Amino acid sequence: MNQLTIICFDVCDKKRLRQVAIQLENIGQRIQYSVFECYLNNKKLTTLKKRLTAIINPEEDDIRYYSICNKDKQKIIIDGVGSLTQDNDYYLL
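Residues numbered from 1 in each chain as written. Predicted model: local features only at pLDDT ≥ 70, side-chain atom pairs only at ≥ 80, totals over all residues. Heavy atoms only, no water.

> Account for the sheet that holds strand β2 (residues 28–32), naming residues and giving values.
Spatially, four strands are ordered β2-β3-β1-β4 in an open sheet, and the strand pairing comes out antiparallel. Each edge of the sheet is formed by a strand with only one pairing partner; in this case those strands are β2 and β4 (62–68). The sheet shows a mean angle of 25 degrees between the axes of neighbouring strands, taken without regard to direction. Relative to β4, strand β1 (residues 3–10) runs antiparallel, the two being bridged by seven bridges. Bridge pairing links L4 to I68 in β4. Across the face of the sheet, helix α1 (residues 14–25) comes into contact with β1, β2 and β3 (35–40) while running at roughly 125 degrees to β2. (Pairing = 2+ DSSP bridges. Helix = DSSP H or I, 4+ residues; strand = E, 2+ residues; numbered from the N terminus. Axes fitted to C-alpha atoms, helices over the stretch in contact; angles between N-to-C directions. Contact = heavy atoms within 4.5 Å.)

Dropping the structure here:
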């Protein structure tokens, strides 16, 4: 079962930053410059984390994963432009 996961990142190097962004663009929706909403099951999340960990420098960069349950998803408040991303079928290649 897919669960909404908010992924935020701060990557210092432009090349690594772009590589992280490309991986996330393939499986989720960018909602801010360094924030993505993704619907992932445990297997997809584990695979994604391995890919991103291989890209970043853990001494300089930071990636955070926030899993949001369905109950709490209903409590998300969006002010201004935007809407909550819908669960689409994305596949990790």
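> Lay out the packing of aromatic side chains in plain terms, naming residues and giving numbers.
The full count for this structure, using the stated rule, is one aromatic pair. An angle of 25 degrees between the planes, with centres 6.1 Å apart, marks the rings of F9 and F36 as stacked. Taken as a pair, F9 in strand β1 and F36 in strand β3 lie far apart in primary sequence, 27 residues in all. Classification of F9 as buried rests on a relative accessible area of 7%. The ring centre of Y33 lies 5.6 Å from the NZ or CZ of R30, which sits over that ring. The ring of Y65 carries the charged tip of K49 above its face, separated from the ring centre by 5.4 Å. (Phe/Tyr/Trp six-rings, centres within 6.5 Å; stacked < 30°, edge-to-face > 60°. Buried < 20%, exposed > 50% of the residue type's maximum accessible area, 1.4 Å probe, protein only. Lys NZ or Arg CZ within 6 Å of the ring centre and 35° of its normal.)

> An account of the pairing of β3 is requested, with residue identities and associated values reported.
For β3, the tally of buried residues reaches six of six residues, placing the bulk of the element in the interior. Burial of β3 is two-sided: the residues V35, E37 and Y39 facing one way and the residues F36, C38 and L40 facing the other way are all buried. In this structure, β1 lies alongside β3, joined through six bridges in antiparallel fashion. Within the sheet, the bridge partner assigned to T5 lies in β3 and is C38.

> Kindly report on the state of the cysteines, identifying the contributing residues and their values.
One pass over the structure, following the stated rule, counts zero disulfides. No disulfide involves C12; its sulfur sits 16 Å from the nearest other cysteine sulfur, which is in C8. A relative accessible area of 53% places C12 in the exposed class. (Disulfide = S-S within 2.5 Å.)

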